[in-house]
Amino acid sequence: MQQLSNNRIFDGQQLVYQHNSDCCKSSMRFSIYLPDLSRQAPCPALFWLSGLTCTEQNFTVKAGAQRVASELGLIVIAPDTSPRGDIADDPDAYDLGKGAGFYVDATQPPWADNYQMHTYIAAELPALIQQHFSVDAERLGVFGHSMGGHGALTMHLRYPEVFKSVSAFAPIVAPARVPWGRKVLTAYLGKDEQQWYQYDACRLVRQNQTEAEILIDQGSADEFLMEQLQPELFTAACQAAGQPVQLRMQQGYDHSYYFITSFIEDHLRHHARNLNN
């Protein structure tokens, strides 16, 4: 790994690294916040999954997570949202290609060669983090925003033994039913919708209930709420399956990082309670 930056903040270190990914066959970046408590003993770790067009920098710079993460002794990792470099892309679309990995393993050309973000988040990156940093591998959580909220929900529901706590901001809960999801899943996975369901939280929760309470915050003024997000579909699926879930509709908030910053402390404390129990 190559260290790109290191900044002192709230009794901890905010770092950014670059490394070569085996599964994505490209260079990848991630940020990691290390509270000073991690020098004394292994700490629980949270993986933040960002939304469309983002890199590792959006959450790191805008969310304001470091102060509370330091207090709670939480390591926070924020990877990029897709492979980068000389790879397949759609330069005319913000919701396909670079910046839009969607946390799936692509099977269709030209995407399959590099767009393996599901395996990267589920296996390669956690192994790398555990190899190089003082992380308690028994206390990992995952959370994210929008496309990353979709990724967080699916990662937890598929691997609850790895990601033991979960939360999301304005997640895409039913990608097989909404325009963002249908476009990307068709491109990355093909037209067989049965292949899409392994990445659809509403489908997964019917088969894979967990003991963790899922926390979701959704802004009522989110411009994508009605067409792309539809969180009520997921809460209905959870209730039918017996999955603990808390959906909090936050009045007047939109889809931006102003929304995330307003409630990031609640999410960090949610994960700390669950992981410490």
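Preceding block: the structure.
Residues numbered from 1 in each chain as written. Predicted model: local features only at pLDDT ≥ 70, side-chain atom pairs only at ≥ 80, totals over all residues. Heavy atoms only, no water.

Participant: Looking at this structure, I do not really get the nonpolar core. What am I missing?
Facilitator: Across soluble globular proteins, nonpolar side chains show a tendency to be buried alongside one another. Formed by 90 residues in total, the largest nonpolar core has its most connected members in Phe30, Ile32, Phe59, Tyr188 and Phe234. Among the elements that line this core, the one with the most residues is helix H9 (residues 257-276), at eight residues. Residue contacts for Phe234: discarding those within four places in its chain leaves Leu153, Leu157, Val173, Ala201, Cys202, Val205, Ile214, Ile216 and Val245. (Core = buried A, V, L, I, M, F, W, Y, C linked by side-chain atoms within 4.5 Å. Buried < 20%, exposed > 50% of the residue type's maximum accessible area, 1.4 Å probe, protein only. Helix = DSSP H or I, 4+ residues; strand = E, 2+ residues; numbered from the N terminus. Contact = heavy atoms within 4.5 Å.)

Participant: Even after reading the chapter, I still don't get the packing of aromatic side chains, so can you show me in this structure?
Facilitator: Geometry of an aromatic ring pair is reported as the spacing of the ring centres plus the angle between the planes. Following the criterion strictly, the structure yields 15 aromatic pairs and no others. Note on Phe47 and Phe163: the rings are 5.9 Å apart at their centroids and 80 degrees apart in plane angle, and the pair reads as edge-to-face. Here Phe47, found in strand S4 (residues 43-49), pairs with Phe163, found in strand S7 (residues 163-169); they are 116 residues apart in sequence, far enough to count as distant. On the basis of relative accessibility, which here comes to 0%, the residue Phe163 falls in the buried class. By way of ring pairs, the aromatic residues Trp48, Phe59, Phe143, Phe169, Tyr253, Phe259 and Phe263 are connected into one cluster. If you follow Arg203 out to its NZ or CZ, it ends over the ring of Tyr197, 3.8 Å from the centre. (Phe/Tyr/Trp six-rings, centres within 6.5 Å; stacked < 30°, edge-to-face > 60°. Lys NZ or Arg CZ within 6 Å of the ring centre and 35° of its normal.)

Participant: What should I look at first to understand the sheet that holds strand S5 (residues 75-79) in this one?
Facilitator: Either a parallel or an antiparallel arrangement is found when strands of a sheet pair, and the pairing is made through backbone hydrogen bonds. Pairing is mixed in the open sheet, where nine strands are placed in the order S1-S2-S3-S5-S4-S6-S7-S8-S9. Either end of the sheet is taken by a strand with one partner, and the two such strands are strand S1 (2-8) and strand S9 (245-250). Between one strand and the next, the sheet's axes are offset by a mean angle of 20 degrees, whatever the strand orientation. By the bridge criterion, four bridges tie strand S3 (residues 26-35) to S5 in an arrangement that is antiparallel. For Ser31, the partnering residue across the bridge sits in S5 and is Ala78. Along the sheet face, helix H4 (residues 147-158) touches S4, strand S6 (135-145), S7 and strand S8 (214-219) and points at about 140 degrees away from the line of S6. (Pairing = 2+ DSSP bridges. Axes fitted to C-alpha atoms, helices over the stretch in contact; angles between N-to-C directions.)

Participant: Mind showing me how you'd approach H9 here?
Facilitator: An α-helical turn contains 3.6 residues, so a residue and the one three or four places further along point in the same direction. Along its 20 residues, H9 runs 27 Å from first to last C-alpha, staying within 8% of the 28 Å computed at 1.5 Å per residue. The largest bend in H9 comes to about 50 degrees, at Phe263. Within H9 the residues assigned to the buried category are Tyr257, Phe259, Ile260, Phe263, Ile264, His267, Leu268, His270, His271, Ala272 and Leu275. Measuring from the side-chain oxygen of the N-cap residue of H9 to the backbone nitrogen of Tyr258 gives 3.2 Å; that N-cap residue is Ser256. (Expected span 1.5 Å × (residues − 1). Bend = angle between axes of the 7 residues up to and from the residue. Polar contact = N/O pair within 3.5 Å; in protein donor to acceptor, adjacent residues only side chain to side chain.)

Participant: Even after reading the chapter, I still don't get the pattern of salt bridges, so can you show me in this structure?
Facilitator: Oppositely charged side chains may form a pair once their charged atoms are brought near each other. A complete count under the given rule lists twelve salt bridges for this structure. Here Asp80 ties to Arg84 by a salt bridge, and the two come within 2.8 Å at their closest N and O atoms. Here Asp80 falls in the buried class, since its relative accessible area comes to 4%. For Arg84, a relative accessible area of 26% translates into the label partly exposed. In the salt-bridge network here, residues are joined through shared partners; they are Arg67, Glu71, Glu265 and Arg269. (Salt bridge = Lys/Arg side-chain N within 4 Å of Asp/Glu carboxyl O.)

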